Amino acid sequence: MADLRLPIFPLGVVLYPGTTLPLHLFEPRYRQLLADVRAGDSRFGILTGISGVPERAIPAGRMGCVAEVTEVEMLPDGRANILVTGRERVALEAFVDDAAPYHVAEVSFVNDTPRGSPVALAVAADDVAQHFKRVVKAVHTLNGTSGPLPSLPDDPAQLAWSIASMIDLELEPRYQLLVERNPADRLTRVDAVLRKVLPDLELRAAMASTTR
């Protein structure tokens, strides 16, 4: 049973709860979407599209995220640069007929179903956070830059999404992190990505440091 009816923006991106995403709106239908949601609660749904599948043919169950518009820069020609913040995860129930020029759909909220102990989850989150910080430090060294490390959430259930929003991932593994409802498994997926790149990054960073 649907929980909510939302304007829908199908995109080849993944928005996670608790993270931000910049968007450039240029199509007339999405300019209208922006005007309509700003007149309401500033929320719409970003639904992760499927390559080769028409927007209206995206199947029920495909997941996305409620997006709240938090910053708007209107351009003289009517286009807009906006920043949205991810809120609740949602799954598509069905597109509905509507007079609006953009898609409208009924969606259902998707909640986590954690498994395992909170203590083990906290330990795993700490490991992932440390690996991410090491990656960032190595990248800073390679780029010859400095600065504070990105802030990370205290909530272990949020951590994998926050890190995933800052690292390079293909669309499908990025989407699978949105779908995954066990926080520990999300952390395992992200940690595998970090562990894969970390040895090479740190070796290259060490070599770069010795030549400067």
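To keep things clear, this report deals only with the structure shown in the data block.

1. Quick notes on the nonpolar core
- With 29 residues, the main nonpolar core has Tyr16, Val128, Leu159, Ile163, Leu187 and Val190 as its most contacted residues.
- Of all the secondary-structure elements, those providing two or more residues to this core are helix H2 (118-143), helix H3 (156-164), helix H4 (171-179) and helix H5 (183-210).
- Not counting chain neighbours up to four residues away, the residues in contact with Tyr16 comprise Cys65, Gly86, Trp161, Ala164, Ser165, Arg174, Leu177 and Leu178.

2. Some remarks on the side chain of Ser42
- Tracing the backbone through its elements, the reader meets Ser42 in the loop between helix H1 (28-38) and strand S3 (43-48).
- With near-sequence residues (within four places) excluded, Ser42 lies in contact with Val37, Ala67, Glu68 and Val69.

3. What about the layout of surface pockets?
- Taken as a whole, the largest pocket spans an internal volume of roughly 160 Å³.
- Lining the largest pocket, in full, are Phe132, Val135, Val136, Ile167, Asp168, Leu169, Glu170, Val193, Leu194 and Val197.
- Elements supplying a minimum of two residues to the lining of the largest pocket: H2 and H5.

4. Quick notes on the environment of Pro199
- With respect to the secondary-structure elements, Pro199 resides in helix H5.
- Once the C-alpha coordinates of Pro199 and Ile82 are considered, the two residues, 117 residues apart in sequence, prove to be 37 Å apart.

5. A look at the pairing of strand S5 (residues 80-96)
- Examined bridge by bridge, strand S2 (residues 20-25) and S5 share 6 bridges and lie antiparallel to one another. By the bridge assignment, His24 is partnered in S5 with Asn81.
- The pairing of strand S4 (residues 63-74) with S5 spans 10 bridges and is antiparallel. The residue of S5 that forms the bridge with Gly64 is Val90.
- Counting the residues between successive antiparallel strands, the hairpin from S4 to S5 contains 5 residues, one of them, Gly78, with a positive phi of roughly 100°.
- Pairing of S5 with strand S6 (residues 103-109), which is carried by 6 bridges, proceeds in the antiparallel orientation. Among the inter-strand pairings, Ala94 is bridged to a residue of S6, identified as Glu106.
- The turn linking S5 back onto S6 is made up of 6 residues.

Parameters at a glance
Residues numbered from 1 in each chain as written. Predicted model: local features only at pLDDT ≥ 70, side-chain atom pairs only at ≥ 80, totals over all residues. Heavy atoms only, no water. Core = buried A, V, L, I, M, F, W, Y, C linked by side-chain atoms within 4.5 Å. Buried < 20%, exposed > 50% of the residue type's maximum accessible area, 1.4 Å probe, protein only. Helix = DSSP H or I, 4+ residues; strand = E, 2+ residues; numbered from the N terminus. Contact = heavy atoms within 4.5 Å. 1 Å grid on protein atoms, 1.4 Å probe; cavity = no way out; pocket = protein on both sides within 12 Å on 5 of 7 lines; lining within 4 Å. Points joined across faces, edges and corners; volume = space filled by probe spheres on them. Pairing = 2+ DSSP bridges.

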